[in-house]
Amino acid sequence: MQSADPEHFFETDASQASRQRKAAKSGNKNGDPVSLKSKILAAVSDPASPLSSVFVAESAGYVRRINLESSVTKTTYGGPKAPVTCIAIGGQGNGTIFAGSWDKDIWSWNIDSESPGRRFRGHSDFVKAVLCAKVSGKDILISGGADKKILVWDIETGRRLHTLQDPTTTMLAVQHLAVDPVLSTADSVVIASASSDPHIRRWKITVEGYEQLPESFHDRPDAERLTVQEHETSIYRLVFDDTSDDADLWTASADGTAKCLARSRNFVTEDSFEHGDYVRAVAVTDHWVITAGRDEDVKVWDRSSGVLYATLVGHYEEITDLVMLRGADGVGHKVCSVSIDGTVRTWPLAKPELDEVVIKIKEASKPKEEKEEEKHGGMLTAEEEAELADLMDDDDD
């Protein structure tokens, strides 16, 4: 039988060191990990239990509903034979979960009955982003793909309503979509789209049509720009801040930064956080900015000062998404991180609990010898006590 053990094959020193590091790190229990059998590529909050449950998308082709308190998978939705890359909840009564896949389709299931629903077919490459909204009383699905297109669907009929493409600035693979809560109305939804190019585009969508919204420059109100460009390269995540009336736009980019683009200044950078390496996700509260990405760490920043407050070590592969876990008051009490390592981890955001977690992580990372030394608190052993007593006796003589 042919071996699958990587130690039986040629490896570079760097590959071997990386594998050994990950193996040593994989056993940690930081963040109370829930372990799944395949890579986790995306996650969203469960609207029925926003503080204790999430839906996750797996590379094995499944969507799972996970109770974070019991670490139990409550429901598994299957069908795709290719990785599921993105998920969204919507439809009538928010009763349907939608999942974009590498097979170019968008799958759907009734959340409660688990029965499969309509498959939306129209993309010519991987589906990378999905979003649900309501326009003029009609539930719509918006999807973005590696085919550089944004498609708008009527959820009830499955009919494609619109195909959005930038006519002036080349739009690469769509990475993420977000609803603008300030500009959206009952008859139109305004979304922002991020892609593998450094441009953020804004679109106004109605049942009858769509338009790309231009933006002016803060210091040159007469000049027009069709895209918002505040990053150097790909943008992976867009989040409108729901903790303030302005609802500024937060971004996460492959250039290693997460940024706050101020609405009052026509979406130019107001704050920038240097996470380092690719930043895959960003989440915000009124006190914290949380970033995560390829370096495997969840970083918590003091929002007012911009200073890094805590580094939460637990994942041993790239982190792919963050989900804010909210209480009945709508406030984010915890944040959930998911990773290619197949784990879902939960981190507290209340300062005393967060400080406690940081202390535990630091203690767990100390070498065994150092822990033993601290355990004894510098106390002498019985043998050392006897030797000291002898020395003291000699001094008295």
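Refer to the preceding data block for the structure.
A.B. asks: How would you summarise helix α2 (residues 351-365) if you had to cite specific residues and measurements?
C.D. replies: Its 15 residues give α2 an end-to-end C-alpha distance of 21 Å, which sits within 8% of 21 Å, the value for a rise of 1.5 Å per residue. Within the sequence span of α2, burial applies to Leu 354, Val 357, Val 358 and Ile 361. Angularly, the buried residues of α2 cover 100° about the axis, an arc narrow enough to put them on a single face. In α2, the exposed residues that point more than 90 degrees away from the buried face are Pro 352, Ile 359 and Lys 360. Summarising the contacts, the buried residues of α2 are in contact with β25 (288-293), β26 (298-302), β27 (308-312) and β30 (343-348).

A.B. asks: Provide a residue-level description of the sheet that holds strand β28 (residues 319-326), including the pertinent values.
C.D. replies: If you walk across this open sheet you meet the four strands as β1-β30-β29-β28, and the pairing is antiparallel. Bordering the open sheet on either side are β1 (34-35) and β28, each of which pairs with just one other strand. Sheet analysis places β28 next to strand β29 (residues 332-339), joined by seven bridges and oriented antiparallel. Bridge assignment links Asp 321 to a residue of β29, and that residue is Val 338.

A.B. asks: How would you explain the environment of Asn 30 if you had to name every residue and give the values?
C.D. replies: With respect to the element layout, Asn 30 can be found in the loop between α1 (13-25) and β1. Note on Asn 30: relative accessible area 16%, which makes it buried. Apart from the residues within four sequence positions on either side, Asn 30 is in contact with Val 313, Gly 314, Arg 345, Trp 347 and Ile 361.

A.B. asks: Explain the sheet that holds strand β2 (residues 40-45) to me, using residue names and the numbers behind them.
C.D. replies: The sheet built from four strands is open, its strands ordered β2-β3-β4-β5 with antiparallel pairing. With one partner strand each, in any of the chains shown, β2 and β5 (72-77) form the two edges of the open sheet. Neighbour-to-neighbour, the strand axes of the sheet open up by a mean angle of 25°, direction not taken into account.

A.B. asks: With reference to specific residues and values, describe the pairing of strand β12 (residues 150-154).
C.D. replies: With five of five residues buried, β12 is to be regarded as a mostly interior element. In β12, alternate side chains face the same way, and those of Ile 150, Val 152 and Asp 154 on one face and Leu 151 and Trp 153 on the other are all buried. Here strand β11 (residues 138-145) runs beside β12; their pairing, made up of five bridges, is antiparallel. From the neighbouring strand, Gly 144 faces β12, where its bridge partner is Ile 150. Between the end of β11 and the start of β12, which pair antiparallel, lie four residues, with Lys 148 showing a positive phi angle near 70°. Sheet topology note: the β12/strand β13 (residues 160-164) ladder contains four bridges and is antiparallel. Considered in β13, the bridge of Trp 153 is made with Arg 160.

A.B. asks: Pulling in residues and values, what's your account of the nonpolar core?
C.D. replies: The tendency in soluble globular proteins is for nonpolar side chains to be buried as a group. With 19 residues, the main nonpolar core has Ile 290, Val 298, Val 300, Leu 312, Leu 322 and Trp 347 as its most contacted residues. Elements with a contribution of two residues or more to this core: β24 (279-284), β25, β26, β27, β28 and α2. Here this core takes four residues from α2, the largest share from any one element. If near-sequence neighbours (up to four positions away) are discounted, Trp 347 is found in contact with Asn 30, Gly 31, Val 298, Leu 312, Val 313, Gly 314, Lys 334, Val 335, Ser 337, Val 357 and Ile 361. Counting residues in hydrophobic clusters, the runner-up holds 17 residues, among them Ala 129, Val 135, Leu 164 and Ile 191.

A.B. asks: So what's going on with a negative patch on the surface? Which residues, and what values?
C.D. replies: A cluster of acidic residues, Asp 245, Asp 246, Glu 270 and Asp 271, forms a negative patch at the surface. Relative to the helices and strands, Asp 271 resides in strand β23 (residues 268-274). The class for Asp 271 is partly exposed, based on a relative accessible area of 32%.

A.B. asks: Explain the layout of surface pockets to me, and be specific about the residues and the numbers.
C.D. replies: Taken as a whole, the second largest pocket spans an internal volume of roughly 410 Å³. Listing elements by their share of the lining of the second largest pocket, those giving two or more residues are β30 and α2. No other element matches the five residues that α2 contributes to the lining of the second largest pocket. Grouping the amino acids of the lining of the second largest pocket by side-chain chemistry returns nine nonpolar, four polar and seven charged.

About the cut-offs
- Residues numbered from 1 in each chain as written.
- Predicted model: local features only at pLDDT ≥ 70, side-chain atom pairs only at ≥ 80, totals over all residues.
- Heavy atoms only, no water.
- Helix = DSSP H or I, 4+ residues; strand = E, 2+ residues; numbered from the N terminus.
- Expected span 1.5 Å × (residues − 1).
- Buried < 20%, exposed > 50% of the residue type's maximum accessible area, 1.4 Å probe, protein only.
- Arc of directions from axis to C-beta.
- Contact = heavy atoms within 4.5 Å.
- Pairing = 2+ DSSP bridges.
- Axes fitted to C-alpha atoms, helices over the stretch in contact; angles between N-to-C directions.
- Core = buried A, V, L, I, M, F, W, Y, C linked by side-chain atoms within 4.5 Å.
- Patch = residues over 30% accessible without salt bridge, like charges linked within 9 Å, V, L, I, M, F, W, Y side chains within 5 Å.
- Areas by Shrake-Rupley, 256 points an atom, 1.4 Å probe, with all protein chains shown as cover.
- Salt bridge = Lys/Arg side-chain N within 4 Å of Asp/Glu carboxyl O.
- Lys, Arg positive; Asp, Glu negative; His and termini not counted.
- Charge placed at Lys NZ, Arg CZ, Asp CG, Glu CD.
- 1 Å grid on protein atoms, 1.4 Å probe; cavity = no way out; pocket = protein on both sides within 12 Å on 5 of 7 lines; lining within 4 Å.
- Points joined across faces, edges and corners; volume = space filled by probe spheres on them.
- Nonpolar A, V, L, I, M, F, W, Y, C, P; charged D, E, K, R; others polar.

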